[in-house]
Structures are given as structure tokens and as C-alpha cells.
Amino acid sequence: MKRSTTAGESSKKLAKKQKVSSATSASRNQDDDEETSGWPSYFRDLFKVFKALNTVLAFVSSHKHLATTFPVVRASVEGLLKRPLELSKVAEIKALVPEIVKFAYIPENDLRIHAETVSLNTKRELSPDFTLHSQSLAAPSTSVLPGQEEEEHVLVLEFIEYSRGRLKSGPGLSVPPSMTPKQLNKLVDKRNQRFKDAVDELIKATPEGEVSMDLLQAAARDHIPVNPFAKKVLAATNAGGSQNLIIPEPKDRPSIDDIIVEIQKQSWYEKQIVDRRTFKEKAAVEGLLDEPLSHTIQQALRESRNITSLYYHQTAAINAIAKKKHVIVSTSTASGKSVIYQVPLLKFLEENSNSTAIFIYPTKALAQDQRTALEQLLWACPGLQHIKVVTYDGDTPQDQRRTIRETASVIFTNFDMLHASILPHEELWRTFMKNLKLVAVDELHYYSNLFGSHVAQVIRRFRRICAAVGNQRVIFVSCSATIAKPSQHMKSLFGVDDVEEIVEDGAPSGKKDYIVWDLPYKDPQAEKSGRTSSLHEATQLMIFLMMRGVRVIVFCKVRKACEFVMKGLRQELSADGRLDVLAKVMPYRGGYSQEDRRRIEHEAFSGRLLGIVATNALELGVDIGVLDAVIMLGFPFGIANFRQQAGRAGRRSRDSLAVLIADDLPIDQHYVDYPDELYDQPMDDLIVDVDSKVIIEAHLQCAAHEMPLSKDDAVYFGASLAELCDSKLRKDQDGWYHTHPKFLPYPSRHVSIRGADDDKYTVIDVTKLGLPHGVPRIMEEIELARAIFELYEGGVFMHQGLTFIVKEVSHDTKVARLVRADVNWSTRPRDYTDVDAKQTHRIKEIAGSPHRAYFGRVDVTTVVFGFLKLRGSEMLEFVDVDTLPYERQVTGFWFDVPKDLLGLLREKGLKPAEAIHSASHAWMNRFALSPDLRTECKAAEKELAERKDEKHTEEKSRRKRPARLILYDASRKGSVSAQAFDHSGEVLRQAHDSVEACPCDDGCYKCIHSATCSEGNVVASKAGALLVLKALLNLDIDTNSVAQQPGQGPDTIVEATYVRPLDGVQVEPA
Ligand SMILES: [Zn+2]
Ligand SMILES: [Zn+2]
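Cut-offs and rules
- Residues numbered from 1 in each chain as written.
- Chains lettered and ligands numbered in written order.
- Predicted model: local features only at pLDDT ≥ 70, side-chain atom pairs only at ≥ 80, totals over all residues.
- Heavy atoms only, no water.
- Salt bridge = Lys/Arg side-chain N within 4 Å of Asp/Glu carboxyl O.
- Helix = DSSP H or I, 4+ residues; strand = E, 2+ residues; numbered from the N terminus.
- Buried < 20%, exposed > 50% of the residue type's maximum accessible area, 1.4 Å probe, protein only.
- Donors = N, O, S within 2.8 Å, 3.2 Å for Na, K, Ca; no water.
- Tetrahedral: all angles 85-135°; square planar, octahedral: opposite > 155°, others 65-115°.
- Phe/Tyr/Trp six-rings, centres within 6.5 Å; stacked < 30°, edge-to-face > 60°.
- Lys NZ or Arg CZ within 6 Å of the ring centre and 35° of its normal.
- Polar contact = N/O pair within 3.5 Å; in protein donor to acceptor, adjacent residues only side chain to side chain.
- Contact = heavy atoms within 4.5 Å.
- Pairing = 2+ DSSP bridges.
- Axes fitted to C-alpha atoms, helices over the stretch in contact; angles between N-to-C directions.
- Expected span 1.5 Å × (residues − 1).

Inspection of every chain in the model, using the stated rule, returns 38 salt bridges. For Arg857, the salt bridge identified is with Asp859, shortest N-O distance 3.2 Å. Residue Arg964 is joined to Asp896 by a salt bridge in which the shortest nitrogen-to-oxygen separation is 2.6 Å. One end of the pair, Arg964, is in strand S34 (residues 964-969); the other, Asp896, is in strand S31 (residues 886-896), with 68 residues separating them in the sequence. Owing to a relative accessible area of 8%, Arg964 belongs among the buried residues under this scheme. What emerges from the salt-bridge pattern is a single network uniting Asp834, Asp836, Glu936, Lys938 and Arg961.

Here we come to the coordination of the zinc ion (ligand 2). Distances from the zinc ion (ligand 2) to its protein donors, His917 (NE2), His921 (NE2), Cys937 (SG) and Cys1013 (SG), fall at 2.0 to 2.2 Å. Note that the zinc ion (ligand 2) binds four donor atoms; their angles at the metal cover 97 to 116°, and the shape is tetrahedral.

A few words on the coordination of the zinc ion (ligand 1). Those donors, Cys998 (SG), Cys1000 (SG), Cys1004 (SG) and Cys1007 (SG), are the protein atoms that reach the zinc ion (ligand 1), and they lie 2.2 to 2.4 Å from it. Coordination at the zinc ion (ligand 1) comes from four donor atoms whose angles at the metal span 96 to 116°, giving a geometry best classed as tetrahedral. One chain supplies every donor to the zinc ion (ligand 1), and in sequence these donors are spaced C-x1-C-x3-C-x2-C. Accessibility classification places Cys1004 together with Cys1007 in one group, the buried group.

This paragraph deals with the packing of aromatic side chains. Within this structure, the stated rule accounts for 34 aromatic pairs. Seen in terms of ring centroids, Tyr792 and Phe867 are 5.3 Å apart; in terms of plane orientation they differ by 35°. Their pairing is tilted. Remark: Phe867 occurs in strand S29 (residues 849-871) and Tyr792 occurs in the loop between helix H31 (784-790) and strand S25 (796-799); sequence separation between them is 75 residues. Each member of the pair Tyr792 and Phe867 is classed as buried. Ring pairing ties together the aromatic residues Phe279, Tyr514, Phe635, Phe642, Tyr671, Tyr679 and Tyr1005, which thus form one cluster. Over the aromatic face of Tyr746 sits the side chain of Arg749, whose NZ or CZ is 4.0 Å from the ring centroid. Its guanidinium or amino end placed over the ring of Phe855, Arg842 lies 6.0 Å from that ring's centre, counting from NZ or CZ.

This next bit is on the side chain of Asn54. Counting through the fold element by element, Asn54 comes out in helix H3 (residues 41-62). Judged by its relative accessible area of 0%, Asn54 falls in the buried class. Polar side-chain contacts of Asn54 include one of 2.9 Å to the backbone oxygen of Val188. Those residues within four positions of Asn54 in sequence are excluded, and the remaining contacts are Phe159, Val188, Arg191 and Asn192.

Moving on: the sheet that holds strand S16 (residues 552-556). Pairing in this open sheet of seven strands is mixed, and the strands run S5-S13-S20-S19-S16-S18-S17 from one edge to the other. The strands lining the two open edges of the sheet, one partner per strand, are strand S5 (273-279) and strand S17 (585-588). Within the sheet, the average angular offset between the axes of one strand and its neighbour, ignoring direction, is 15°. In this sheet, strand S20 (residues 656-661) lies alongside strand S13 (residues 512-517) in parallel orientation, the contact comprising six bridges. Bridged to Asp513 within S20 is Leu657. Its contacts with the sheet place helix H25 (residues 639-646) against S13, S16, strand S19 (629-633) and S20, and it is angled at close to 150° to S19.

If you check helix H19 (residues 449-468), its first and last C-alpha atoms are 29 Å apart, about what 20 residues at 1.5 Å a residue would give, namely 28 Å. The element H19 is largely enclosed, with a buried count of 19 among its 20 residues. Looking one or two residues past H19, Gly470 carries a phi angle of roughly 90°, positive in sign.

See the structure below:
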């Protein structure tokens, strides 16, 4: 077959070349003969085989387009040896030097092949006889994910490169660096030497009376790889056998203490643990109910949940609800919070079986999970078995909605549905609303910032409709993770006063260990070598834990990291033949199709999984069973997030582990230096803005359509109602206000409560198109703002850890067509985003300063001009692409940096780009709604002028940016920047004060760094930021006290030019 002959012939040529031209090679052979003369002939022969393999593999691996499948290697080795290569010989070599030989079945898709698309259909002709044909044996497994089921496995043989006990290349197949022939020879020598040493060691260590050869051959039997599909069948027919690789049941796993000790003994452990603290276990605190529960409810709790007594926070909440109070419970994860609203629901239903309730969850997954739990409880409750509980969300078919309204007692839904479906059709829901007793909102901490501010108005609309149908007694119950000021948050979200706050956690908890895990340097002696990859550390640690029966979740900050971890696990576990473990790991993140999500959720809830790789989507508390460990890949977005994620592990009496793997970013390194802050620092208040006129007006347009408004409705919508009604709505003769006609007939469609773009790209797998029965498959939908960075032609797109190549993107139809392509490189877009002020709508003074703040139209233009092909951290290639820029118009505000200051910065060797970027983040750090704002983040790639790519560096260096601090709405429908502008001057002052007072040296996340910086805060200058802030505020600058900096690299900033204002714009006072 074509590929094998190429490899065979070429390596023959290589061998020939070495023989004739290389004198050193001849003398090497002589040395070998001398050194091995004392060996039994069996080992001398084995060494010949090894040397042939070594030569072939060195050649093959230096040619990236050749896959080192066993058939390919075998053909070439046989060419050199002039005799057949037996599988048993390779197994003996593997047994002798296991640390340098990889010999295993891996999924065909993980083969490294240079071509974009792969056609391995001819592989079967080559397969050695011992390969059991996978398709005839593959039993359909229930656990496989889409795209995985048809994967075939191929036998791969290659060498692994080790350095100081650490895998150089990260997880998966070894990555051959491009080597000179000299380096290649050196490597071949090194491996031959390793083999000789191993034989010497074995001969020396062989006990008297035994034969080294027999020992090796016995050991080799364990090293013959078995096709995983065949293995399943063998395992079924041949139970027993030598299974010392059995993973303990999670209940029998070692203690976390023992595991931490064991980690520290691993060859890959290089003092990554920089901080550890242990929190002792806590006993349960039970509470008493004012009125005892009925026997049936007690029975239901006992039978369905095994609950015979209640914790303090549960009884406190149930008591408060009995007194008709609204309740917020803010306690740790898994403290049994659902009981708090389930029990009152049962009580209401017992009193009156017509009672209804709404349970609201931020995600469908969570709703799904909780619905099942409630159904089980009702089923165990005599007299209430008939109660109908349904999910009412965007996936609910239209034709079922009517039945649901008429027959369901409890609906599980979300605020999006309340806003866009239930309230606009309130007339259909009147009976339900009249009987409504309880609204439970779980995970209340999720509702903050812009989304929370919209939800606050949706709840006000909802309360108004309930009151209109004569129901003023609805009780709101909510639960949240541990947050700052829970009752204040609930009051502002719901607009109610009478709130009982319960924060005393009565649930027991097991012992908990928290670890901060720093990345070791690649070369411990030289910091310049850079740090190892956090992905690799996370993958390695996750496998280590799973192999010990520890159920673990890895949280990634972005979807892409999630895919990379999954890919790493897939490669590593396949290469080790641990498909049994791989089958127990699943990725879970937003964007997957509904079908895939449900499938993964089902697997997760059933408690069958050992590992989950997730984005923050799961942070919300989906019950994924008992987890023993959490790995956070990089510091999550804020302290509250950190604590919530860490809280996902451990329940009741079990010990648990939370590991923060610190990335090589300023914010992560800050916590490496000051780990105390992870535990001591107070959490930020959650922000809900109920005074925003932009948001209120949007919801008044909706509310007026639900039921005409009057000025009395100010009790719901606040004091600005009258003014907004008069100016924005239509008044009729009787004094009622109606929706402005331009928003009809569906005003709610004009309000996106999540502030997200509605435009989504559909990602379609067309791999099988054209094959018999081949149909395209929709893999996921992604928002436009992400599509631009992930869907570019030629790019690698990852889905559930599998790689696809983007073939075609249509921006008209918003469809991307992908084919499954099995590559072991990834791509990273090369892009820039320009944020340009286009028109000034408002101008505002800054107190005490001649400078101004400006507000207006901002154009954001993202250009993906190419991508980088990467293998691990090795750059393979730069590829140019020609995609249309992604442009959007938003609102934003800006401050222009005075010309004199630019001069001063340059004079002092401070880079204006660093100063401006840091000053922008300093401003954002002091403004509460900043999570919904963005700034033009400066990229190191541009500012530090990477030399590798002269062409583009030059091109990009010519891209000059105005000296301007600019902040804009993350969403096109956002309105945060308008509010931010109102406070722009005060916040500027606070930013200055906090930067000046911050005791850090070069900036930290308390002053100039931001957890959300899209470029990782690499381009930063605290000194520069302080000067920019001082200049804008017109504060004195003592130029002598500014330290001179070396000031290298390009200067990418030019003076900002004045942006034309609309006619008649007046300067507003500060
Ligand atoms: Zn600082
Ligand atoms: Zn930034």
C-alpha cells in the first residue's frame, strides 16, 4: 500500500545512507558489539530488532505526515531485518523499556496525519492478522457519544520522549520536534543506550536459578495490546484473569489524605502544591418545626429521600413560609435546599389540591434534575400521586402547551419563558395564577448584572399580573450559594420587603482539602523556559484521581479549554488502553445540541460517571451525584465563583478535594502568592440595577401590552414610571397607557433579557454527506460573537474532544460546514478588534478637570486575518485567511488621553498602550456593572512584537490605535454604558485612588488587572495607568518622581482625534 512502501523505501534509503556515509555509525556498531558480547544470544538478537525499530521510528517520526501505525512500522523494519517482525518481539521490547515505548491501540481519529481529510479505508488490508475486526465485534454501547460510536482503533507503535520523568509533549501521542539529522542520530544513540542499560539491569537483577529471557517473555505477555473492541468481548467470555488494574468503587477509594501523599511521590510531581488547607468536618445541626408535618408528608420524605429529620436551615425556612414570609436561604452547595420549597408545596397541595406553583431554574439541565426529584417525592405521598409536574421551556412543543396550562399543578420553567411566553399570554394563565401559592427561584446568585436587572423587572410584571387576578399572597422562596447580603439581593430582585434571611447552614459536611497547584517551569533551573501547560497538569491530575476511584469534575473557563482537556483525556486513556475509564468521562458545556445535552445529563445524573469536564454551565448546581474532587483549570471569574465551584465536591461525611490549577496569568499568580485571600476575602455584592430607565422602559412596553398601565403601577416599577409613560408610551382617553405601536405586536421580542445576541451560527457535520445513508448532523449552535473566532475556513473546531476542520462558512445563512478530520494540531485565530468612537451623543465634564467624558456610537470591528497551526505549544504554520470583518455598532463612552501626557509617557519609557489598557481596567474594576462592559484589550502579540511572524507583525504594527480609554456595551442591546457614563467622572476618581493606594508593585487584580481581560492582562503598567488617571483628573504629576523605564518595543498609539458630536449637544456638568 502506498504509505507503507513510502515509509519502507525511505527508511531503507536512510539506513543505506547511514551505512555508507557515516563512519561514526560503523564505529558505533563496533561499540555495540563489544558492550553486548557478554549477553545471551537472545538479548543480542532482541537488540538487533530494537535498533531496526529505533531507526525506522526516528525516521518516521521526523516526517510529520507518516503515521506510526504498526503495519507501517512493521513493513519498514522487516525491510531492514530481512525477516518477519513478530508481535511478541515488540511486546518483549515494550516490557523491557516500557517508559520509552508506546504500543497500544488508539482511536483511528487520533492518528496524526498531515492531510486535512483522512481516508484510512484501505487500512484493513494492512491490519495484521491478530487484529480482531472491530466492526464485527463492536457491541453498541449505551455510553458512547455521537461521533464516537463508529471510531475504529489502530495499533500504534512509537517512542515517547521523556525528560526528567516528565512527558515532554503533554498528553497524547509524542510530538516529534523538527530535528536535524545530527540531533536525530543523537536521539537514536540515546535510545539504544537506554536499551542496553535495561538489559544489563535485568541480567544483574535476575535471581539465581532463573533465566532472564524467561522473565522477560513472561512479562511481555502483558504487553501485547488488545484491540479495545475485542477486549470487551474477551472480558465478557473470559471473566477473571489478571486484573490488577481494577479501579476501586468510589465508596472504597483511598482517603484524600492518602491520595495527596501519593501525588507527592509521583515522578511528575515537582512541588506543584504551593498551598494546602484542610477544613474539618462539621456535624449536622437539626432544627424543629413549629407545626409538625402531616404523616403522609413525613412518609414521603422518608420513603423517597430517606429523610427522617430536618436541618436547621430547612426548618427555619419552612417555619417562615408557614408565617407567609418570603424566604432566602443562602447556604453551601448540597445542603438539601430543595426540601425548603418542596415541603411547603406538599403542604399547600394537602390543604388544597388546586394549588399551583412555579419553580424557576436558570438552566434547563437543573430544571430537569429537580423535576425528577419532585415527581419521586409526590409519588411517595399518598393522596398527591396524581399531581402533574411539567417542564415548560423553549423545548416544550406548542401543541402541548395548552394541556400543560390546563392540567399541571407545578411548572418548571425559567425567566425567559416567563418574559416571552407566559406573561404575554397572561389571559391563558389566569386560573393557574389565581391558584398560585409558591414561586421558588433556585440559584438566585445567578441573577445579577444586566440579566439580573432585567429579571427584576420581569418579576415586577409578574407580581402585577398576579395581583390583577386577585392573588396577592404568592410566596417567593429562593435559594442561593453563599453570597454577600442575601436578603438585600432578594429584596431588590423581587421588589418585596418582608424577607426572612437564613444563612445558618445545618447540613453536615465532610473534611475538605483545598490545594493551590502552581505550574512548574519546563526547566526547573530556568524561569525563562516558561511554565508547563495547565491543560496538561489538569489532565494528568484528573486521570490520576479517576484511577483511584475519585469522582472528579474539571471546570474550564472557556469552551475551548473544555475541548482540549477532553481531547487530552481521550488520547492519554486510549493510549493506555483504558477505554473503560474513557467511557466514564464526559464533557458538558453549553452549545451542544439538545439531544446530546440530555444524553450527557442522563449519564451524569445516573452517577455512573467518574469524570466530567465542564464549563461553568455546571456551576449552577446540577445534581451530578456525589463528587469527590473539583479541579479548577485557572482561577474562575471571581472569588464567589471560586467558592461555588470548589463547593461542588464533597457531601455529608465524605472527605473531598478542591484543586485550583493556577494559570500563568497575573490573577492566578496573585493567588499563588496570597492564597489566604481565597478564603478570607469578602465576596463582592451582587448587582441589580432597578433604577435603569432603559431597562424599565423596555419592560413597561411589555407590561402595557399585558395589561394597560396607570400611574399607580409606580408601586411596581418605581418613581420614573410617570415620566417614562408620558414620554415613551401611548395614552388613551381614559388615562391608560399602552405599548408604543412600534413595538407591536410582540413587545417582548424587542427585549433580550440575557442581553445576548440572538444571531447564532449552526455548526453542521457533513463528513458523511455523499456516503450511503450519510446525512449531515447538527452539532451545535454558537453565538455570532464566538462564531467569528471559532469558525474560519481551514480552522480546527473541537466538539466533545474530537477534531473537525471547517470547510465552509456562510455568513449569509449562518451555517458552517465541517468535516471530521483527525488531526493532532489545533488552530488559534489571529485577529484584532478595533473599537472606534464614531459619533458623540453626549459630553460630560470631569470634576476639577478641563478634560471631558464622551458618550456615543461605537463601532467594533473584528478581523480574523489568519490562524496559527499549533501542536501543543509548538507553532507549525501561519495560515492566511480572507474573511469578512465582523462589524457591530454599540454604544459606549470614552476619555481621550491628553497629548502632553502621551509625551510624558514616552519620555519616561512607559508604553502608552500598557498605560491605557491598565487605566481602562482600573476604571472597570471600580464600576459595579462592568461584567456587561468591554474595553479594547491590548494584545501582547502586537505590543511585544513577536519575531516569528515578521510579515504580520509589521502589518499589525502599522495598525495604530488612538490614545483613548474606551468602554462599550458587551451586547448590542445593552444599556449599561449609558449608566456608566453618568458616573464616569466619579468612577475615574475612585479608580485613581485605588491604583494609588494599592500596595502591590506592578499591578494586581485589585487595581489594574481584570479577571475578564480577553488578553490575560499581559500588556499592563501600573505606573502608566496612574499617570493617565491623574492627567484626566487634572491632578498634579511630579514628573521627577516617575521612574525611568527601558521602554522597548513598538509604540502602537497615536493621538486621539476629536469625534464629531451630533448637532446641539451641550456639555453636561460633572
Ligand atoms: Zn495592585
Ligand atoms: Zn484587557
